[in-house]
Amino acid sequence: MEVRLKILFTSLCHTDVFFWEAKAQDSVFPRIFGHEAAGIVESVGEGVTELAPGDHVLPVFTGECKECAHCKSEESNMCSLLRINTDRGVMLNDGQTRFSINGKPIYHFVGTSTFSEYTVVHVGCLAKINPLAPLDKVCILSCGITTGLGATLNVAKPTKGSSVAIFGLGAVGLGAAEGARLAGASRIIGVDFNSSRFEGAKKFGVTEFVNPKDYKKPVQEVIVEMTDGGVDRSVECTGNTNAMISAFECVHDGWGVAVLVGVPHKDAEFKTHPMNFLNERTLKGTFFGNYKPRSDLPSVVEMYMKKELELEKFITHEVPFSEINKAFELMLKGEGLRCIIRMEG
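Residues numbered from 1 in each chain as written. Predicted model: local features only at pLDDT ≥ 70, side-chain atom pairs only at ≥ 80, totals over all residues. Heavy atoms only, no water.

- Under an unreviewed UniProt entry, the name given to the chain is alcohol dehydrogenase, and the organism recorded is Forsythia ovata.
- The record held by UniProt for the chain lists under Sequence similarities (unreviewed entry) the comment "Belongs to the zinc-containing alcohol dehydrogenase family." (UniProt positions renumbered as here; feature names shortened; annotations may be inferred.)

**Here's the deal with the UniProt feature "domain: Alcohol dehydrogenase-like C-terminal" (unreviewed entry) in the chain**
Alright, step 1. Residues given the UniProt feature "domain: Alcohol dehydrogenase-like C-terminal" (unreviewed entry) here are residues 171-303.
Alright, step 2. A distance of 18 Å separates the end C-alpha atoms of residues 171-303, which is 37% helix and 15% strand. (Helix = DSSP H or I, 4+ residues; strand = E, 2+ residues; numbered from the N terminus.)

**A few points about the sheet that holds strand β8 (residues 163-167)**
Alright, step 1. Read across the sheet, six strands follow the order β10-β9-β8-β11-β12-β13 without closing on themselves; strand pairing throughout is parallel. Each edge of the open sheet carries a strand with a single partner, namely β10 (208-210) and β13 (282-285). Across the sheet, the axes of successive neighbouring strands diverge by a mean angle of 20°, strand direction being ignored.
Alright, step 2. Bridge count between strand β11 (residues 233-236) and strand β12 (residues 257-260): four bridges; the pairing is parallel. Note on β12: the bridge partner recorded for valine 235 is valine 259.
Alright, step 3. Where helix α5 (residues 171-183) meets the sheet, it contacts β8, β9 (187-191) and β11, and its direction lies at approximately 170° from that of β8. (Pairing = 2+ DSSP bridges. Axes fitted to C-alpha atoms, helices over the stretch in contact; angles between N-to-C directions. Contact = heavy atoms within 4.5 Å.)

**Digging into unusual backbone geometry**
Alright, step 1. Cis rather than trans, the peptide bond between phenylalanine 29 and proline 30 has omega equal to -10°.
Alright, step 2. For proline 30, the position within the fold is in the loop between α1 (14-21) and β2 (36-44).
Alright, step 3. Despite not being glycine, asparagine 102 shows a phi value in the positive range, around 50°.
Alright, step 4. Looking at the secondary structure, you find asparagine 102 in the loop between β4 (99-101) and β5 (104-106).
Alright, step 5. By relative accessible area, which is 76% here, asparagine 102 ends up exposed.
Alright, step 6. In the Ramachandran plot, glutamate 280 falls in the positive-phi region, its phi being about 65° despite a non-glycine side chain.
Alright, step 7. Among the secondary structure elements, glutamate 280 is positioned in the loop between α9 (275-278) and β13. (Buried < 20%, exposed > 50% of the residue type's maximum accessible area, 1.4 Å probe, protein only.)

**Section: the pattern of salt bridges**
Alright, step 1. Tallied over the full model, the rule gives 19 salt bridges.
Alright, step 2. In this structure, aspartate 192 and arginine 197 form a salt bridge, with 3.0 Å as the shortest nitrogen-oxygen distance.
Alright, step 3. When its relative accessible area of 32% is taken as the criterion, arginine 197 is described as partly exposed.
Alright, step 4. Residues joined in a network through salt bridges with shared partners are Glu178, Arg181, Glu310 and Lys313. (Salt bridge = Lys/Arg side-chain N within 4 Å of Asp/Glu carboxyl O.)

**Describing the nonpolar core**
Alright, step 1. Counting 71 residues, the largest nonpolar core has Val138, Leu141 and Leu311 as its most contacted members.
Alright, step 2. Excluding its chain neighbours within four sequence positions, the residues that come into contact with leucine 311 are Lys137, Val138, Ile140, Leu141, Ile145 and Tyr304.
Alright, step 3. Counting residues in each nonpolar core, the second largest holds 18 residues, with Val48, Leu51, Leu126 and Met343 among its members. (Core = buried A, V, L, I, M, F, W, Y, C linked by side-chain atoms within 4.5 Å.)

**Quick look at α5**
Alright, step 1. Relative to the 18 Å expected for 13 residues at 1.5 Å per residue, α5 spans 18 Å between its end C-alpha atoms, a close match to the ideal helical length.
Alright, step 2. Burial within α5 is extensive, with 10 of its 13 residues counted as buried.
Alright, step 3. For α5, the set of buried residues is Ala171, Gly173, Leu174, Gly175, Ala176, Ala177, Glu178, Gly179, Ala180 and Ala183.
Alright, step 4. Residues of α5 that are buried in the fold lie against α4 (144-156), β8, β9, α6 (198-201), β11 and β15 (338-342).
Alright, step 5. Just beyond α5, the residue with positive phi is glycine 184, at close to 85°. (Expected span 1.5 Å × (residues − 1).)

**So, the packing of aromatic side chains**
Alright, step 1. Across all of its chains, the model carries 10 aromatic pairs by this definition.
Alright, step 2. On the basis of an interplanar angle of 80° and a centroid distance of 4.9 Å, the ring pair of phenylalanine 33 and phenylalanine 109 is categorised as edge-to-face. Of this pair, phenylalanine 33 sits in the loop between α1 and β2 while phenylalanine 109 sits in the loop between β5 and β6 (118-122), and the two are 76 residues apart along the sequence. Each of the two residues, phenylalanine 33 as well as phenylalanine 109, counts as buried. (Phe/Tyr/Trp six-rings, centres within 6.5 Å; stacked < 30°, edge-to-face > 60°.)

**As for the packing of α4 against α5**
Alright, step 1. As a packed pair, α4 and α5 sit with axes 7 Å apart at the nearest point and diverge in direction by 40°. Between α4 and α5, the interaxial angle falls into the category oblique. With respect to the hand of their crossing, α4 and α5 are arranged in right-handed fashion. Facing Gly144, Ile145, Thr147, Gly148, Leu149, Thr152 and Leu153 of α4, the residues of α5 in contact are Ala171, Val172, Gly175, Ala176, Glu178, Gly179, Ala180, Leu182 and Ala183. (Parallel < 35°, antiparallel > 145°, perpendicular 65-115°, else oblique. Left-handed = near helix turned anticlockwise from the far one by under 90°.)

**Let's talk about the environment of glutamate 2**
Alright, step 1. Position of glutamate 2 among the secondary structure elements: in strand β1 (residues 2-11).
Alright, step 2. Look at glutamate 2 and you get buried, because its relative accessible area is 14%.
Alright, step 3. In this structure, the C-alpha to C-alpha distance between glutamate 2 and glutamate 225, residues 223 residues apart in sequence, is 54 Å.
Alright, step 4. Side-chain polar atoms of glutamate 2 contact the side chain of arginine 98, separated by 2.8 Å. (Polar contact = N/O pair within 3.5 Å; in protein donor to acceptor, adjacent residues only side chain to side chain.)

**Some details on the pairing of strand β14 (residues 315-320)**
Each regular strand shows side chains that alternate between the opposite faces of the sheet.
Alright, step 1. The pairing of β14 with β15 spans five bridges and is parallel. Each residue of the ladder has a partner; that of proline 320, found in β15, is arginine 342.
Alright, step 2. A crossover connection joins β14 to the parallel β15 through helix α11 (residues 324-333); in handedness this β-α-β unit is right-handed. (Right-handed = clockwise from strand over helix to strand, strands pointing away.)

Below, the structure written as structure tokens:
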């Protein structure tokens, strides 16, 4: 059930940096990072029937076996077999790695390891896409942008003319804003501590900006005042528990829905008054925007091909693979959104 891919383009996501820094978890070493990418099938292993050499694919950090209870459910995309596992550095089939150096194993990362000219991935973690789609653009759909987009379109589901608050204006948050724009929201309020992100966020449909540092009161109170009772929907893309509370408490009573996307610190917890729920506010969470990788990702690529979804504005830098460290430097400085890493030349 394994496929060998030739990676043509990969991009850097904050998750790669987080695990490279190895501050919060036991690190597996040596390991090949990378999980946001696009490539072409080079060869297929035993049991693989739906992919053939030459197919264009997006590898995904989570999967879809199509057989477990989650895959058979219309509501879930959290495959029991292939959901993200940041600790596992080996293939499921035999518990071994497909990379080695001098006879010693080099471990995999979230089942993808795309910072390599060739990689081996379980077939359930590969979305077969339109061969006409430009891989240097759609590669960014295999992680962050799709997560934000789906959090809005599939989970928050704002109606035309509604108001949406987006907490965190990095690539995921701007993906969420893009979803709100596509849904026809009339007010999209961007919330971020970094005011330099505000100008660029206008391209993604953000209409108003709030920097919590500019106010003496909690940001949720600011938003409630701005919107005469609260926004219809909010999407939290930071992983910060204070932002989670604010995102929930800034939605309108009676119908407001807040969606959590950001991954928190392992010991994180937050509290809010139960009356916030009893007053008919809803709090939801999402994983990869509730998209099933194999079933749903091809249609997101088609949204780009039909010019509904704009991807170029997410791509701010490009480097050859030999200069991958530049991509890390840019992300550590907080410059730009997505940096495409070209595998050849």
